[in-house]
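So the chains spell out like this:
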Amino acid sequence: MGFKKNTIFGSVALAAVAAISLPLSSTLAKTGEAEAEESAFRQAVKFGFSGQEIQGGVMLGDAPAGTQSLSFDGQPVPVDEDGKFIIAFNRDAGQSAQMVATLENGQTIKKFFNIAPRKWKIEHVNVAKRSGGPSSAFMARRRPELAQINAARQVKSGSKGWRQTFIWPAKGRISGMFGSQRIYKGTPGSYHSGVDIAGGAGTYFVAPADGVVTLAANKPFSLEGNLLMIDHGMGLNSAFLHASKILVKEGQQVKRGEPIGRIGATGRATGPHLHWSMKWNKARIDPILLTGPMD
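Since we're looking at a predicted model, the values are computed, not measured.

A. Quick peek at the overall build of the chain. Each helix and strand in the chain was counted, giving 3 helices and 21 strands. Of all intrachain contacts in the chain linking residues separated by at least 6 positions in sequence, the fraction that spans at least 24 positions is 66%. Counting every atom, the chain has about 16700 Å² of accessible surface; 54% of that belongs to carbon and sulfur.

Here you go:
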């Protein structure tokens, strides 16, 4: 009797399983399709990046599909027609940053960056930092120069140079590294804002990427000497200091590899060299992270 009860129960259970097996398979298939669609959607709304999350670094990005606007740490970031854009991390950037894409449907997609610190070349000097600041006579000359530099950095030329692989504007011994700094008896001095390339006076230097000339000094600046600035687009610009001669004019379009000046020692310089500095908006960046090591 007991065996019959078990047989009947087993038959009922098998029938129940058979009755639900087809709908269950269908449900699992639908669930799999939904997960695949959701996964495809997640891929479609992801950011794409190349470059390094590092102090002084630059990254090229691809915005998620349907992006209407971008912001980086609360500041708007322009996006090209194909969704590409550029961002950079200042020499003294903190450990983290955030990018937000707002889509056409109002949805927001976020990307968090973990910014790697750099070990800068720091020199401790056992003398006190000069006090008192610059003289009023110096500042009377300096203020108009700073105004010209700031105005040049505000130019939005529409250049596509920012999308290119950058090349070295000159070849030679690197005599000064980006980010290096002196500490005067515990008081930090200004860090080195670019890379110095030692070269013979009169040696040509070239445009590292396409751009538009935004400043070509008609007389030497007090610190920079003969100063040349180029806008590469999207807030990215280059400055070339201490030139003996500038070969281009403001408003002129230049191509990567085109001669734009000659190396010199004008302004505050101890010998002939090219100081090349770069900024993305307000962030000072390391040119070598765009070019790679010199051949």
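B. Representation of the sheet that holds strand S17 (residues 245-246) in the model. Strand order across the open sheet formed by 3 strands is S13-S19-S17, with antiparallel pairing between neighbours. Edge positions in the sheet fall to strand S13 (204-206) and S17, since each has one partner strand and no second. Pairing geometry for S17 and strand S19 (residues 259-262), over 2 bridges, is antiparallel. Paired with Lys 245 across the two strands is Arg 262, which belongs to S19.

C. Quick look at the environment of Gly 235. Within the secondary structure, Gly 235 sits in the loop between strand S15 (226-233) and strand S16 (236-243). Given the relative accessible area of 10%, Gly 235 is considered buried. Separated by 78 residues in the primary sequence, Gly 235 and Ser 157 have C-alpha atoms spaced 9.3 Å apart. Ignoring anything within four residues of it in the chain, the contact list for Gly 235 reads Lys 156, Lys 279, Trp 280 and Asn 281.

D. Structural detail: the environment of Asn 226. Inspection of the secondary structure assignment puts Asn 226 in strand S15. Assessed through its relative accessible area of 12%, Asn 226 is described here as buried. Through-space distance from the C-alpha of Asn 226 to that of Ala 243 is 5.1 Å; in sequence the pair is 17 residues apart. Of the polar contacts made by the side chain of Asn 226, one reaches the backbone oxygen of Ala 243; its length is 2.9 Å.

E. Structural detail: the packing of aromatic side chains. One pass over the structure, following the stated rule, counts 13 aromatic pairs. For the ring pair Phe 72 and Phe 113, a centre distance of 6.0 Å and an interplane angle of 80° mean the geometry is edge-to-face. Taken together, the positions of Phe 72 in strand S3 (residues 67-72) and Phe 113 in strand S7 (residues 108-114) put the pair 41 residues apart, joining distant regions of the chain. Like Phe 72, the residue Phe 113 is buried in the burial classification. An aromatic cluster is defined as three or more aromatic residues linked by ring pairs; in this entry it consists of Phe 47, Phe 49, Phe 72, Phe 85, Phe 89, Phe 113 and Trp 280. Across the ring face of Tyr 191, the terminal group of Arg 91 is positioned such that the distance to the ring centre comes to 4.4 Å. Looking at Lys 111, its charged tip hangs above the ring of Phe 113, at a distance of 5.4 Å from the centre.

Conventions and cut-offs
- Residues numbered from 1 in each chain as written.
- Predicted model: local features only at pLDDT ≥ 70, side-chain atom pairs only at ≥ 80, totals over all residues.
- Heavy atoms only, no water.
- Helix = DSSP H or I, 4+ residues; strand = E, 2+ residues; numbered from the N terminus.
- Contact = heavy atoms within 4.5 Å.
- Areas by Shrake-Rupley, 256 points an atom, 1.4 Å probe, with all protein chains shown as cover.
- Pairing = 2+ DSSP bridges.
- Buried < 20%, exposed > 50% of the residue type's maximum accessible area, 1.4 Å probe, protein only.
- Polar contact = N/O pair within 3.5 Å; in protein donor to acceptor, adjacent residues only side chain to side chain.
- Phe/Tyr/Trp six-rings, centres within 6.5 Å; stacked < 30°, edge-to-face > 60°.
- Lys NZ or Arg CZ within 6 Å of the ring centre and 35° of its normal.

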